[in-house]
Amino acid sequence: MAAAGGATGREGWSSKTAFVLAAIGSAVGLGNLWRFPAEAGENGGGAFVLFYIFCVLLIGLPVLLSETLIGRHGQSSPTLSARKLAVESGASPYWEAVAGIGVLAAFLIVSFYCVVGGWVLYYVWQFIADLMNSGVSGGAFKGVEIDTIRAFFPDLLGNAGLMVGLNLVFLAVTGFFVIRGVSGGIEVMAVWLMPVFFVLLVAITIYGAFGGAFGEAMDFLFTFEPEKLTGEVMLAAVGQAFFSLSLGVAGMVTYGSYVGRDVNLAGTSTIIAAADTSVALISGVCIFPIVFAAGLAVDGGPGLMFQTIPVAFQSIPGGTIVGLLFFLMVTVAALTSSVALLEVPTAWAMEKFKASRRTCALSVIIAAGILGTLAALSFNTLADFHPLGFIPLFEGQGMFDVLDGVTAKLFMPIGAILVCILVGWIADARLVDSENGLDGALHIFWRFLVRWACPIVLAAILFVGLTS
Ligand code: TRP
């Protein structure tokens, strides 16, 4: 998708649409389908969901614009872009650390992201096996008890060898695309399959609206109960907003750096945020009616998507084949994100060490494989290993939860605060204004958000979340 172009002669998106689709491909992933419903369930539903929407609009969107702006201005790797903006504004080159933190975060995320990618592969396999056993007619898993379908998940978690193997397979596929360069097959696949995926998701949602406990689910997701909005819930919501929009980890800085000068960044940021948030909300509206109808616990955590969706396919005509398609597309959605994630540390290493793409990608893959193996084992063999047990927020959590929590609850908010300070305070206002595509009242509002509201609200949430 990245065609040669632009006045700089550097690689760039072939069109504005290409950029928007690629950015949506990076944003829409397991964060929307798997993490959002799980977090919403664990954090009490409505209060979390509504605060999440608030975060997307008033914090995520301004930060998304700021990140793409740093990238487009710099037209180079995230660290160099941040450095360039700072130096041109007469500030210290060390501002590149803003992006440096992001690179580290992207590495940590991809390590556990591939573990979840492996789970998706496992379900693809379950549907293939079902197809071979009982063919296409009727629903999936004919005659199998719901409890047995639900037990696929705990069975998988308990199987150390399978967990590690699937994680490494998913990581290897991700690595394959990164070594070949992102632009080839994967983007094309994403552009064609993501719309199909969207239609399928909506179809299953409509099915759920009729067949599941729709009213109960809507109450749970959208009734605001102020007393449920604790510091921890707020921190979880901000973290989820950043995770889902791929913010705070230099991902959007990278994508912004391939954008031409003619693109209005404010407009594209809005489209990206709107698309990403719709998919998250739809997946919540898809999953929770099934959760309630099947009498599952809302705070089922990581297993929520995996234990509900396959149950729905049992009563859908042609459920085996539709279910297989569904999980294949979740695989594609996850891959477009994991490739984008792995690309961040790879691109950084290539520039830092002046080494080849292959060498850098392989080194990152090996390191991520080791960390991911520890994460995969934290559900079984290493269940009692709590790497950050001495910090209350991470008490009793294994490697997987720690990687997930540290990145979403620490790295992303801190990275975003630094991005706001860089763009709002350090950078020369003229440079920023010429990039952001805003004018009039909206421009003033955006500057207010980036200079004051976002950093202060983020710092407050971080403080309350960490101390409560
Ligand atoms: N947004 C992705 C998802 O929802 C995950 C993600 C977080 C990501 N940070 C990223 C993807 C940076 C690409 C780049 O699944």
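By convention here, each chain's residues receive numbers from 1 onward along its written sequence. Owing to the predicted nature of the model, reporting of local features is limited to residues with pLDDT of at least 70; listing and counting of side-chain atom pairs is limited to 80 or more, with chain, interface and lining totals taken over all residues. Only heavy atoms go into the side-chain values, all of them from the structure, while hydrogens and water stay out.

## Section: the overall build of the protein chain
Worth spelling out the cut-off: Runs of H or I in DSSP of at least four residues are treated as helices and runs of E of at least two as strands, each being numbered from the N terminus. With the radius of gyration taken over C-alpha atoms, the globule rule is written as 2.2 Å times the number of residues to the power 0.38. Only protein chains enter the accessibility calculation, which uses a 1.4 Å probe. A residue is then buried if its area is under 20% of the maximum for its type, exposed if over 50%, and partly exposed in between.
Broken down by element type, the protein chain carries 18 helices and two strands. For 468 residues, the compact-globule estimate of 2.2 N^0.38 gives 23 Å, and the C-alpha radius of gyration of the protein chain, at 21 Å, lies within 12% of that figure. For the C-alpha atoms alone, the extent of the protein chain along its principal axes is close to 70 × 50 × 45 Å. Here the protein chain holds 468 residues, and 56% of them are scored as buried.

## Brief notes about the site of the ligand
Note the following rule: Being near a molecule or strand, for a residue, comes down to having at least one heavy atom within 4 Å of it. Two N or O atoms form a polar contact when they lie within 3.5 Å of each other; inside protein one atom must be a possible hydrogen donor and the other a possible acceptor, and for residues adjacent in sequence the pair counts only when both atoms belong to side chains. The Shrake-Rupley method, run with a 1.4 Å probe sphere, supplies the accessible areas, and residue values consider only the shown protein chains as cover.
In the vicinity of the ligand there are 14 residues, among which Ala 27, Gly 31, Tyr 113, Phe 243 and Ser 246 approach most closely. Asn 32 places a polar side-chain atom, nitrogen or oxygen, 3.4 Å from an oxygen atom of the ligand. Ser 244 is positioned with one of its backbone polar atoms (N or O) 3.1 Å from a nitrogen atom of the ligand. Across the complex, the protein chains shield 99% of the 360 Å² of accessible surface that the ligand would expose by itself.

## Here's the deal with the nonpolar core
Filter applied, for reference: Grouping buried Ala, Val, Leu, Ile, Met, Phe, Trp, Tyr and Cys residues that are joined through side-chain atoms within 4.5 Å yields what is termed a nonpolar core. In what follows, residue pairs with any heavy atoms lying within 4.5 Å of each other are defined as contacts.
Membership of the largest hydrophobic core comes to 157 residues, with the highest contact counts inside it found for Trp 119, Phe 306, Phe 326 and Phe 327. Ranked by residue count, the leading element in this core is helix H5 (residues 97-134), at 20 residues. Setting aside residues up to four positions removed in sequence, Trp 119 forms contacts with Trp 34, Phe 153, Leu 156, Leu 157, Met 163, Pro 302, Phe 306, Phe 379 and Phe 400.

## Things to note about the confidence of the model for the protein chain
Formally: By definition, pLDDT measures how confident the predictor is in each residue, and it falls between 0 and 100.
On average, residues of the protein chain score 90 in pLDDT, and 97% of them are at 70 or above. Below a pLDDT of 50 lies the segment residues 1-8, which in the model reaches 17 contacts outside its immediate sequence neighbourhood of four places, other chains included.

## Focus: the packing of aromatic side chains
Inclusion rule: Whether two aromatic rings pair depends on their centres lying within 6.5 Å, for rings of Phe, Tyr and Trp, where Trp uses its six-membered ring; planes under 30 degrees apart make the pair stacked, over 60 edge-to-face, and the rest tilted. Two conditions define a charge located above a ring, namely a distance within 6 Å from the ring centre to NZ of Lys or CZ of Arg, and an angle within 35 degrees of the ring normal.
Evaluated as defined, the whole model comprises 32 aromatic pairs. Where Trp 34 meets Trp 119, the ring centres are 6.3 Å apart and the plane angle is 80°; that geometry is what we call edge-to-face. Taken as a pair, Trp 34 in helix H2 (residues 30-42) and Trp 119 in helix H5 lie far apart in primary sequence, 85 residues in all. Both residues of the pair, Trp 34 and Trp 119, belong to the buried class. In this arrangement the basic side chain of Arg 35 is found over the ring face of Phe 243, its NZ or CZ atom lying 4.9 Å from the centre. A cation over an aromatic ring shows up here: Arg 451 above the ring of Trp 425, its NZ or CZ 3.9 Å from the ring centre.

## A closer look at helix H15 (residues 357-377)
The α-helix winds at 3.6 residues per turn, so residues separated by three or four positions along the chain end up facing the same way. What counts here: Multiplying 1.5 Å by the helix residue count minus one yields the expected span of that helix.
Its 21 residues give H15 an end-to-end C-alpha distance of 30 Å, which sits within 8% of 30 Å, the value for a rise of 1.5 Å per residue. Every buried residue belonging to H15 is among Cys 360, Ala 361, Val 364, Ile 365, Ala 368, Gly 369, Leu 371, Gly 372, Ala 375, Ala 376 and Leu 377, and all of these are buried. The inward-facing, buried residues of H15 abut H5, helix H7 (160-180), helix H14 (319-353) and helix H16 (399-426).

## Quick word on helix H17 (residues 429-436)
Note the cut-off: What the arc describes is the spread of directions from the helix axis to the C-beta atoms.
Residues of H17 that are buried include every one of Val 432, Glu 435 and Asn 436, and no others. The buried residues of H17 occupy an angular sector of 90° when projected down its axis, which confines them to one face. Residues of H17 that are exposed and angled more than 90 degrees away from the buried face: Arg 430 and Ser 434. Packing partners of the buried residues in H17 comprise helix H3 (46-74), helix H12 (265-293), H16 and helix H18 (440-467). Following H17 by one or two positions, Gly 437 has its phi on the positive side, about 70°.

## Observations regarding the pattern of salt bridges
Rules: Within this document, salt bridges are pairs made up of a side-chain nitrogen of Lys or Arg and a carboxyl oxygen of Asp or Glu, the two lying within 4 Å of each other.
If you walk through the whole model with that rule in mind, you get nine salt bridges. With a shortest N-O distance of 2.7 Å, Glu 435 and Arg 261 are connected by a salt bridge. Here the residue Glu 435 occupies a position in helix H17, and Arg 261 occupies one in the loop between helix H11 (251-256) and H12, the gap between them amounting to 174 residues. Of the charged contacts in the structure, one is a salt bridge between Arg 430 and Asp 428, with a shortest N-O distance of 3.0 Å.

## Brief notes about the environment of Pro 93
The residue Pro 93 is located in the loop between helix H4 (78-88) and H5 in this model. With 11 residues separating them along the chain, Pro 93 and Ala 82 place their C-alpha atoms 8.3 Å apart. Aside from chain neighbours lying at most four places away, what touches Pro 93 is Arg 83 and Val 87.

## Some words on the packing of H7 against H14
Filter applied, for reference: As a rule, the C-alpha atoms of each element are fitted with a line to give its axis, helices using only the stretch in contact, and angles between N-to-C directions run from 0 to 180 degrees. Here is the rule for handedness: rotate from the far helix to the near one, and if that takes an anticlockwise turn smaller than a right angle the crossing is left-handed, while a clockwise turn gives right-handed. Amino acids are sorted into nonpolar (Ala, Val, Leu, Ile, Met, Phe, Trp, Tyr, Cys and Pro), charged (Asp, Glu, Lys and Arg) and polar (every other residue, Gly among them).
At a closest axis distance of 9 Å, the pairing of H7 and H14 adopts a crossing angle of 65°. Judged by the twist between their axes, the crossing of H7 over H14 is right-handed. Counting all contacts with H7, which are made through Phe 170, Val 173, Thr 174, Gly 175, Phe 177 and Val 178, the residues of H14 involved are Thr 331, Ala 334, Leu 335, Ser 338, Val 339, Leu 342, Glu 343 and Thr 346. Along the lines of polarity and charge, the residues of the contact of H7 with H14 split into eight nonpolar, five polar and one charged.

## Brief notes about a nonpolar patch on the surface
The test is simple: A patch consists of residues exposed above 30% relative accessible area that lack any salt bridge, with like charges linked at up to 9 Å and nonpolar side chains (Val, Leu, Ile, Met, Phe, Trp, Tyr) linked at up to 5 Å.
The grouping of Trp 425, Leu 442, Phe 445, Phe 448, Trp 452 and Ile 456 at the surface amounts to a nonpolar patch, some 640 Å² of accessible area in total. The dominant element in the nonpolar patch, judged by the number of residues it contributes, is H18, at five residues. Among the secondary structure elements, Phe 445 is positioned in helix H18. Residue Phe 445 is classed as partly exposed on the basis of its relative accessible area of 39%.

## Quick notes on the side chain of Ser 378
Take Ser 378: it is sitting in the loop between H15 and H16. Within polar-contact distance, the side chain of Ser 378 engages the backbone oxygen of Ala 375 at 2.6 Å. Those residues in contact with Ser 378, other than ones at most four positions away along the chain, are Ala 383, Gly 398, Met 399 and Phe 400.

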